[in-house]
Amino acid sequence: VPIERIRNFSIIAHIDHGKSTLADKLLQVTGTVQSREMKEQFLDNMDLERERGITIKLQAARMRFAFEGQPYCLNLIDTPGHVDFSYEVSRSLAACEGALLVVDASQGVEAQTLANVYLALENNLEVIPVLNKIDLPGAEPSRVIQEIEEVIGLDCSNAIYCSAKEGIGINEILSAIVQRIPPPPNSAGRPLRALIFDSYYDAYRGVIVYFRVIDGTVKKGDRILFMASGKDYYADEVGVLSPNQLQVDELYAGEVGYISASIRSVADARVGDTITHYSRKAEESLPGYKEATPMVFCGLFPIDADQFPDLRDALDKLQLNDAALKFEPETSSAMGFGFRCGFLGLLHMEIVQERLEREYNLSLITTAPSVVYKVFCTNGEIVDCSNPSALPEQGKRKSIEEPIVKIEMLTPKDYIGSLMELSQDRRGEFKEMKFITENRASLTYEMPLAEMVGDFFDQLKSRSKGYASMEYSFIGYKESDLIKLDVLINGEGVEPLSTIVHKDKAYSVGRALTQKLKELIPRQMFKVPIQACIGTKVIASEALSAIRKDVLAKCYGGDISRKKKLLKKQAAGKKRMKAIGKVDVPQEAFMAVLKLE
Ligand code: GDP
Ligand code: MG
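Cut-off values and rules
Residues numbered from 1 in each chain as written. Chains lettered and ligands numbered in written order. Predicted model: local features only at pLDDT ≥ 70, side-chain atom pairs only at ≥ 80, totals over all residues. Heavy atoms only, no water. UniProt positions renumbered as here; feature names shortened; annotations may be inferred. Core = buried A, V, L, I, M, F, W, Y, C linked by side-chain atoms within 4.5 Å. Buried < 20%, exposed > 50% of the residue type's maximum accessible area, 1.4 Å probe, protein only. Near = heavy atom within 4 Å. Polar contact = N/O pair within 3.5 Å; in protein donor to acceptor, adjacent residues only side chain to side chain. Areas by Shrake-Rupley, 256 points an atom, 1.4 Å probe, with all protein chains shown as cover. Helix = DSSP H or I, 4+ residues; strand = E, 2+ residues; numbered from the N terminus. Nonpolar A, V, L, I, M, F, W, Y, C, P; charged D, E, K, R; others polar. Phe/Tyr/Trp six-rings, centres within 6.5 Å; stacked < 30°, edge-to-face > 60°. Lys NZ or Arg CZ within 6 Å of the ring centre and 35° of its normal. Pairing = 2+ DSSP bridges. Axes fitted to C-alpha atoms, helices over the stretch in contact; angles between N-to-C directions.

- Named according to an unreviewed UniProt entry, the chain is Translation factor GUF1 homolog, chloroplastic originating from Artemisia annua.
- Among the UniProt annotations of the chain, the heading Catalytic activity (unreviewed entry) holds the following wording: "GTP + H2O = GDP + phosphate + H(+)".
- Taken verbatim from the UniProt record of the chain, the Sequence similarities (unreviewed entry) comment is "Belongs to the TRAFAC class translation factor GTPase superfamily. Classic translation factor GTPase family. LepA subfamily."

Considerations on the nonpolar core
Then, number 1: If you look at the biggest cluster of nonpolar residues, it comprises 48 residues, and the most contacted ones within it are Leu315, Leu356, Ile407, Met409, Met452, Phe456 and Met470.
Then, number 2: Ile12, Val109, Ile208 and Val256 belong to the second largest nonpolar core, which has 39 residues in total.

Observations regarding the site of ligand 1
Then, number 1: Around ligand 1, the structure places 17 residues, and the nearest of them are Asp16, Lys19, Ser20, Thr21 and Asp135.
Then, number 2: Backbone polar atom of Lys19 to an oxygen atom of ligand 1: 2.8 Å apart, as the coordinates give it.
Then, number 3: With respect to ligand 1, the side chain of Asn132 contributes an N or O atom lying 3.1 Å from an oxygen atom.
Then, number 4: When ligand 1 sits alone it has 580 Å² of accessible area, and the protein chains cover 81% of it.
Then, number 5: By residue number, the principal contributor to the shell around ligand 1 is helix H1 (residues 19-29), which donates three residues.
Then, number 6: Split by residue class, the shell around ligand 1 holds three nonpolar, nine polar and five charged.

A short note on the packing of aromatic side chains
Then, number 1: Applying the stated criterion across every chain, the model contains nine aromatic pairs.
Then, number 2: A ring pair is formed by Phe197 and Tyr210, whose centres lie 6.5 Å apart and whose planes are at 55 degrees; its orientation type is tilted. A residue pair is termed long-range when its members are at least 10 positions apart, and Phe197 in strand S7 (residues 193-202) and Tyr210 in strand S8 (residues 206-215) qualify at 13 residues. The two residues Phe197 and Tyr210 agree in class, both being buried.
Then, number 3: Between Phe226 and Tyr233, the aromatic rings sit 6.2 Å apart at their centres with planes inclined by 70 degrees, giving edge-to-face as the arrangement.
Then, number 4: Given the relative accessible area of 8%, Tyr233 is considered buried.
Then, number 5: Aromatic rings pair up to connect Phe308, Phe327, Phe337 and Phe339 into one cluster.
Then, number 6: Just above the ring of Tyr278 sits the side chain of Lys281; from NZ or CZ to the centre is 5.0 Å.

Comments concerning the sheet that holds strand S15 (residues 256-263)
Then, number 1: An order of S11-S10-S16-S7-S8-S15-S12-S13 is seen for the eight strands of this open sheet, with the pairing classed as antiparallel. Looking at strand neighbours, the two that pair on one side only are strand S11 (232-234) and strand S13 (245-247), the edges of this open sheet. With strand direction ignored, the average angle separating the axes of adjacent strands in the sheet is 40 degrees.
Then, number 2: Relative to strand S16 (residues 274-277), strand S10 (residues 223-226) runs antiparallel, the two being bridged by three bridges. Bridging from a neighbouring strand, Ile224 pairs with His277 of S16.

If you want it as structure tokens, here you go:
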């Protein structure tokens with residue numbers, strides 16, 4: 001296909017507005033995927049993604065579509081739909097000339113719709129508005145169109161009405177892609193520059209790189225150079241994604257494809273890097289390589305200490321496919337050997353944890369997530385501290401800075417008061433309120449990331465009956481009056497329960513935390529004191545009273561199978577416990593600090 005008949009586009013949408021369903025329909029209608037091999041949500045191909053209905057990693061697919069008797073080649077580059085992965089969104093948009101803006105016609109513009117559409121407009125993409133779910137009785141496409149025009153300032157006179165589920169409007173969308181999105185510029189004669197938008201590790205072939213050729217051409221056997229990492233390789237295989245990999249001889253400027261070159265580490269070919277030829281180098285790499293920085297850290301400890309080597313192997317393997325995952329060994333007297341891991345956000349953390357348990361059969365205790373503090377010490381050193389138990393002592397530190405995020409919430413006006421209350425309670429600083437329509441407002445706050453990690457999103461959803469949405473971005477560090485709160489159980493310090501809190505909140509957090517721990521930790525054969533301290537000063541204390549746990553006595557000595565069942569049940573209940581000194585502490589206790597009233 002000549003370059004005039006190539007179109008590169010992506011789909012941007014708020015989560016649940018129907019992006020994956022639409023992508024599936026486009027693949028089906030263009031015959032890219034035969035219906036017998038059609039699994040629902042073809043592009044979300046990790047099991048977890050399908051189950052959770054979210055897109056985590058980018059994927060791409062090439063479709064053939066005939067328009068006015070001519071064959072066209074449409075490359076769909078998918079984008080992840082969750083805020084944790086927004087850095088991947090800008091990568092994929094940079095590889096496109098246009099985007100479908102999918103908005104649920106029964107809902108309207110949401111926070112992530114806005115964030116992503118602004119990114120697309122900044123990248124000069126042609127944006128095609130698509131009103132999805134028009135089959136729903138509650139759909140109000142004309143109201144939503146008005147909203148898009150008012151809020152985004154995007155002309156919606158030729159917006160497309162669609163039902164991805166019922167297959168309505170799909171051909172119109174395909175025609176609009178051909179007619180409205182410009183073809184890529186023709187620069188096949190220039191030195192090669194290709195933008196990597198995704199990569200993954202394959203056990204047999206090494207790292208497979210997905211990219212869009214911006215300038216020049218690349219073919220099998222070429223010696224290629226990754227400009228940021230400086231590594232060079234010979235291309236073993238070059239191909240397109242249709243959406244399964246299909247080998248071709250050569251890829252030209254404007255095309256999207258993959259390379260396999262026996263690359264050993266994803267770090268050699270990172271997302272955002274530029275591929276060029278070793279012997280005919282491009283002068284400048286393509287703009288915008290930004291490393292994904294982990295924002296949230298937590299400890300991962302095997303319940304069974306023997307699983308430590310397995311945990312290391314599993315993390316090594318996961319990292320091959322997930323350059324954003326960071327980890328280093330951590331030892332704690334309470335928990336034994338484990339790892340301190342860094343994640344993009346809470347969802348990312350949950351996903352990694354779940355994959356470790358599911359795909360690698362590990363039983364883990366996860367400690368409460370922490371952000372990264374900058375600690376200014378009296379000796380002039382500046383320490384990045386992502387683990388509250390490692391915070392330099394009071395006398396050794398001058399000040400602490402914490403990461404601040406800008407949060408934008410979109411909400412129906414009825415919930416404005418409640419969300420303002422929530423934000424203020426989380427040390428949020430009010431910045432702006434705008435009515436985007438008569439009934440909906442956008443609220444902007446600056447807030448410590450530490451206050452958002454945890455249940456902020458859940459609170460936002462429950463206080464707004466599910467109608468509010470949010471988007472956040474990191475804006476910088478700010479000094480704050482923070483102190484460390486420690487927890488003693490049965491007189492022993494439990495480092496993973498240490499937390500860094502604002503001074504004004506220390507007492508209330510201490511009280512709530514000890515009460516919550518008392519609820520969560522099962523009673524033991526002896527009395528167990530639970531205390532919260534600042535330094536050596538106890539600020540809150542509770543106690544678990546002793547019990548004699550003699551469950552078998554209830555069986556009156558009779559039925560042996562019933563006895564066995566009971567013992568089994570007890571054993572299962574124990575699975576997620578970590579023995580700290582003489583006390584068994586359940587997984588929930590390590591997360592208690594996130595769920596205080
Ligand atoms: P994504 O998060 O944007 O990828 O959204 P999905 O494609 O996973 O869709 C979210 C939910 O909306 C799923 O339950 C879909 O079945 C449903 N859905 C998607 N498109 C339509 C549509 O056109 N009509 C209706 N009624 N439901 C839809
Ligand atoms: Mg999806």
